[in-house]
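Here is how the chains run, residue by residue.
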Amino acid sequence: MSDESEVEPEGGPHMRLVAMPRDTNPSGHIFGGWTLSQMDLAGGIFAAARARGGVATVAIDAMKFLRPVNVGDEVSCWCSVAEQGETSIKVRIETWARDRTSDKAKKVTEGFFTYVALDESGHPRKLDAG
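Residues numbered from 1 in each chain as written. Predicted model: local features only at pLDDT ≥ 70, side-chain atom pairs only at ≥ 80, totals over all residues. Heavy atoms only, no water.

Some points on the sheet that holds strand β3 (residues 74-84)
1) Next: Taking strand neighbours across the sheet as the criterion, the five strands line up as β1-β3-β4-β5-β2 in an open arrangement whose pairing is antiparallel. Two strands in the sheet have a free side with no partner beyond their single neighbour: β1 (15-18) and β2 (55-65). With direction set aside, neighbouring strand axes in the sheet form an average angle of 25°.
2) Next: Relative to strand β4 (residues 88-98), β3 runs antiparallel, the two being bridged by ten bridges. Looking across to β4, one finds that Val75 is bridged to Ala97.
3) Next: Of the strands in this sheet, β1, β2, β3, β4 and β5 (106-117) touch helix α1 (residues 32-51), which is tilted by about 50° from β5. (Pairing = 2+ DSSP bridges. Helix = DSSP H or I, 4+ residues; strand = E, 2+ residues; numbered from the N terminus. Axes fitted to C-alpha atoms, helices over the stretch in contact; angles between N-to-C directions. Contact = heavy atoms within 4.5 Å.)

Considerations on the confidence of the model for the protein
1) Next: Chain-level pLDDT for the protein is 91 on average; 92% of the residues reach the 70-or-more range.
2) Next: Across the protein, element-level confidence peaks in β5 with a mean pLDDT of 97 and bottoms out in β1 with 92. (pLDDT = per-residue confidence, 0-100.)

Some details on unusual backbone geometry
Negative phi values dominate among residues other than glycine, just as trans dominates among peptide bonds.
1) Next: Phi is positive for Arg52, which is not a glycine, with a value near 55°.
2) Next: Assignment of secondary structure puts Arg52 in the loop between α1 and β2.
3) Next: Classification of Arg52 by relative accessible area gives exposed; the value is 66%.
4) Next: For Ala62, which is not glycine, the phi torsion reads 50° and is therefore positive.
5) Next: Turning to its location among the elements, Ala62 is positioned in strand β2. (Buried < 20%, exposed > 50% of the residue type's maximum accessible area, 1.4 Å probe, protein only.)

Observations regarding the side chain of Lys107
1) Next: Structurally, Lys107 can be placed in strand β5.
2) Next: A distance of 2.8 Å separates the side chain of Lys107 from the side chain of Glu110, its partner in a polar contact. (Polar contact = N/O pair within 3.5 Å; in protein donor to acceptor, adjacent residues only side chain to side chain.)

Digging into the nonpolar core
1) Next: In this structure, Val91 and Ile93 are the most contacted members of the largest nonpolar core, which totals 23 residues.
2) Next: Secondary-structure elements contributing two or more residues to this core are β1, α1, β3, β4 and β5.
3) Next: With six residues, α1 is the single largest residue contributor to this core.
4) Next: Residues within four places of Ile93 in sequence aside, it is in contact with Met39, Gly43, Cys77, Trp78, Cys79, Thr109, Glu110, Gly111, Phe113 and Tyr115. (Core = buried A, V, L, I, M, F, W, Y, C linked by side-chain atoms within 4.5 Å.)

Next comes the structure, spelled out in structure tokens:
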């Protein structure tokens, strides 16, 4: 993982939203927990699509906060498969923020989230099972 990247990943983001005032910490920046939550939502959507069914978050690894997110920033989460096992998918998630007065985004967080595929009863299932 590199905090020096200034080029967004290829393809479109898997989730995009605007950081709002209600999500700020006492310093006036967006809570890290809010950003983490958005990343988990984006990763869950991405993993569920690959798993063709329900998934649950089982781990968050190597989380890095690189820059603060400000109120009004457009926040985008980009997902890619880092590893895939028999029942789980490890997703690399990069979060980028673009100030509303700029056309250039900067990476603000990155991390690896692991999701396990679930059957109708909430038990792990093989990924090749639909």
